[in-house]
Amino acid sequence: MPGPELLDELRAVVGPSHLLVDADLVAGYAVDWTGRFCGATPAVVRPGTTDEVADVLAACRRHGAALTPQGGNTGLVGGGVPLHGEVVLSLRRLDELGAVDPVAGQVTAGAGVILAEVQRAAAAAGWAYGIDMASRDSATVGGTVATNAGGLRVLRYGDTRAQLLGVEAVLGTGAVVSHLGGLLKDNTGYHLPSLLCGSEGTLGVVTAARLRLVPPAAARVVALVAFDEVAPAIRAAGRLRRDLPPLDAAEFFLADGLALVREVTGAAAPFEADHAAYLLVEAAAAADPTDALGAAVASLDGVADVAVAAGTRRAAELWRYREAHTEAIHTLGPPHKLDVTLPQDELARFVADVPGAVAARAPNARCWLFGHAADGNVHVNVTGVPVDDDAVDDAVLTLAAARGGSISAEHGIGVAKRRWLAANRSPAELETFAGLKRALDPDGVLNPHVLLPGPLPARP
Ligand code: 2HG
Ligand code: ZN
């Protein structure tokens, strides 16, 4: 528990109005969006510049106080909330968005800039940003970089790491590193943006990022494809990657998920009959891709029905069936969120086997499966299980790893999955991680309970 001296020093750095200590004011920063991860903090510190971030970090190092960096608090693995009494370092005030460079197709965004603002600024300048996800109106650039967020368009544009041309960050050593020039070819040694991206606030605090933009597609088409069996729906996503080059997204969900979404949102049924599985397909190109999409869908096996959106309003309605899964499941209580990737040819078998694996550990649990079928990423949500009972986590994560998959596709490790990191990472890799942690955060103050398994590695 930091003493009053640290709080006084932090107050001197950011000004009294940006050091929050009242229980009412800090409460929202101490619990994650799902409600599964709930901690406590003595203070939330809200710096307004990179220099202030550096001074906050220096003060915490002097006092041996741990920090949890936080952006929009939309993380799903407990990595951004103070579960061990950490001081919360909120980056939301770093919300400066630079002008889009219309020639290079790049923009520099402060860590606190909201994802949707980057998307809007890019569009206004005739470009697009390749990252998109349902939390676009709350997630921040800093959070998406820290977690290497994926989302709905990874298939086409890659994850956040693939958009990063440079970062500015305060490392745990106190060093401020800034490399925001945006050169496309810049082969001058270690690529710190790649290292910091996905490091979940354990090595440094990202304060700004230089982002690559992508050309916008002039024409788009969205279709919902229904299947009476699950496996063909998942296999179809793989086929479309090859047969429909303008494929932008291929998302799947199942009958029970759709029923829950409809119950919660009041949305009408997409088809006259119910079906076992659904694939939401979006194609985007310079010329209208409707015919290409129609031909590719017609060649798929097991299609029971197809709804093609005529216009953006209907497209948004079709997307809502998929995007509303997270909020609909949330109404059932805090879920266990197990975001895994499988090799494409293992995904259908995994989806078939998961409910049984969960039921063996928690017979009364309910299992919800949906996700980004074309990149092998399925979101296994389990409800009806106490928040701290991780038997179902164990069942799902070990099954994914045993089938050649990853225990984290796009949400990160946080606190939720650190116990299983060794299922995907060898002792040599984990020792390298520990060495990086020692080198870049020598006092172990940056998110010390996140990502790396076990206690903080000892100093040499
Ligand atoms: C999505 O794809 C997000 O909608 C959230 O990654 C997934 O709620 C989830 O488990
Ligand atoms: Zn997702």
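Residues numbered from 1 in each chain as written. Chains lettered and ligands numbered in written order. Predicted model: local features only at pLDDT ≥ 70, side-chain atom pairs only at ≥ 80, totals over all residues. Heavy atoms only, no water.

Draft legend 1. The arrangement of the overall build of the chain in detail. Looking only at helices and strands, one finds 16 helices and 15 strands in the chain. Computed over its C-alpha atoms, the radius of gyration of the chain comes to 22 Å, within 12% of the 23 Å expected for a compact globule of 460 residues. Projected onto its principal axes, the C-alpha positions of the chain cover 65 × 55 × 45 Å. Residue burial in the chain is summarised as follows: out of 460 residues, 54% are buried. At a minimum sequence separation of 6, the contacts of the chain that also span at least 24 residues come to 74%. Surface exposure of the chain reaches about 18,600 Å², of which carbon and sulfur atoms provide 53%. (Helix = DSSP H or I, 4+ residues; strand = E, 2+ residues; numbered from the N terminus. Rg over C-alpha atoms; globule rule 2.2 N^0.38 Å. Buried < 20%, exposed > 50% of the residue type's maximum accessible area, 1.4 Å probe, protein only. Contact = heavy atoms within 4.5 Å. Areas by Shrake-Rupley, 256 points an atom, 1.4 Å probe, with all protein chains shown as cover.)

Draft legend 2. Region of the structure containing the site of ligand 1. Lining the immediate surroundings of ligand 1 are Leu-76, Arg-322, Thr-326, Lys-337, Phe-370, His-372, His-379, Asn-381, Glu-410 and His-411. Contact distances for ligand 1 include 2.9 Å between an oxygen atom and a side-chain N or O atom of Asn-381. For ligand 1, the accessible surface in isolation is 290 Å², of which the surrounding protein chains cover 90%. Of all the secondary structure elements, the ones that give two or more residues to the shell around ligand 1 are strand E14 (366–372) and strand E15 (377–383). (Near = heavy atom within 4 Å. Polar contact = N/O pair within 3.5 Å; in protein donor to acceptor, adjacent residues only side chain to side chain.)

Draft legend 3. Just the environment of Leu-155, in detail. For Leu-155, the location among the structural elements is in helix H6 (residues 154–157). By relative accessible area, which is 23% here, Leu-155 ends up partly exposed. Each C-alpha atom of the pair Leu-155 and Ala-250 lies 8.3 Å from the other, and the pair is 95 residues apart in sequence. Apart from the residues lying within four places of it in its own chain, the contact partners of Leu-155 are Arg-241, Leu-247, Asp-248, Ala-249, Ala-250, Ala-374 and Asp-375.

Draft legend 4. Quick look at the confidence of the model for the chain. Of all residues in the chain, 98% have pLDDT values of 70 or greater, and the mean over the chain is 96. Note on residues 456–460: pLDDT under 50 across the span, and 10 contacts to partners over four residues away in sequence or across chains. (pLDDT = per-residue confidence, 0-100.)

Draft legend 5. Representation of the coordination of the zinc ion (ligand 2). Summarising the metal site, the zinc ion (ligand 2) is bound by the protein donors His-372 (NE2), His-379 (NE2) and Glu-410 (OE), whose distances to it range over 1.9 to 2.1 Å. Counting the intervening residues between successive donors of the zinc ion (ligand 2) yields the motif H-x6-H-x30-E. Taken as a pair, His-372 in strand E14 and Glu-410 in the loop between helix H15 (391–402) and helix H16 (427–440) lie far apart in primary sequence, 38 residues in all. As far as burial versus exposure is concerned, His-372 and Glu-410 are alike and both buried. (Donors = N, O, S within 2.8 Å, 3.2 Å for Na, K, Ca; no water.)

Draft legend 6. Representation of the nonpolar core within the structure. Ranked by size, the top nonpolar core spans 59 residues in total, and within it Leu-279, Phe-350, Val-354, Val-378 and Val-380 carry the most contacts. Discounting residues that sit within four places of it in the chain, Val-354 has contacts with Cys-367, Leu-369, Val-380, Val-396 and Leu-399. Residues Trp-127, Leu-164, Leu-203 and Leu-211 belong to the second largest nonpolar core, which totals 27 residues. (Core = buried A, V, L, I, M, F, W, Y, C linked by side-chain atoms within 4.5 Å.)

Draft legend 7. Focus on the pattern of salt bridges. For the structure shown, the criterion picks out 25 salt bridges. Ionic pairing is found between Glu-9 and Arg-62, a salt bridge with its closest N-O pair at 2.7 Å. Of this pair, Glu-9 sits in helix H1 (residues 4–14) while Arg-62 sits in helix H3 (residues 50–63); the two residues are 53 residues apart in sequence, bridging distant segments of the chain. Residue classification places Glu-9 among the partly exposed positions, given a relative accessible area of 26%. You can call Arg-62 exposed: its relative accessible area is 59%. Here Glu-327 and Arg-320 are joined by a salt bridge, their closest N and O atoms 3.1 Å apart. Take Arg-320: its relative accessible area is 39%, and that puts it in the partly exposed class. (Salt bridge = Lys/Arg side-chain N within 4 Å of Asp/Glu carboxyl O.)

Draft legend 8. The arrangement of H15 in detail. Here H15 contains 12 residues, and its C-alpha end-to-end distance of 16 Å stays within 8% of the 16 Å for a straight helix at 1.5 Å per residue. Burial of H15 is extensive: 9 of the 12 residues sit out of reach of the surface. On the buried face of H15, the contacting elements are strand E13 (336–341), helix H14 (347–361) and E15. (Expected span 1.5 Å × (residues − 1).)

Draft legend 9. Inspection of unusual backbone geometry at higher detail. Backbone geometry at Asn-148 places phi at a positive 50 degrees, although glycine is not the residue there. With respect to the helices and strands, Asn-148 occurs in the loop between helix H5 (141–146) and H6.

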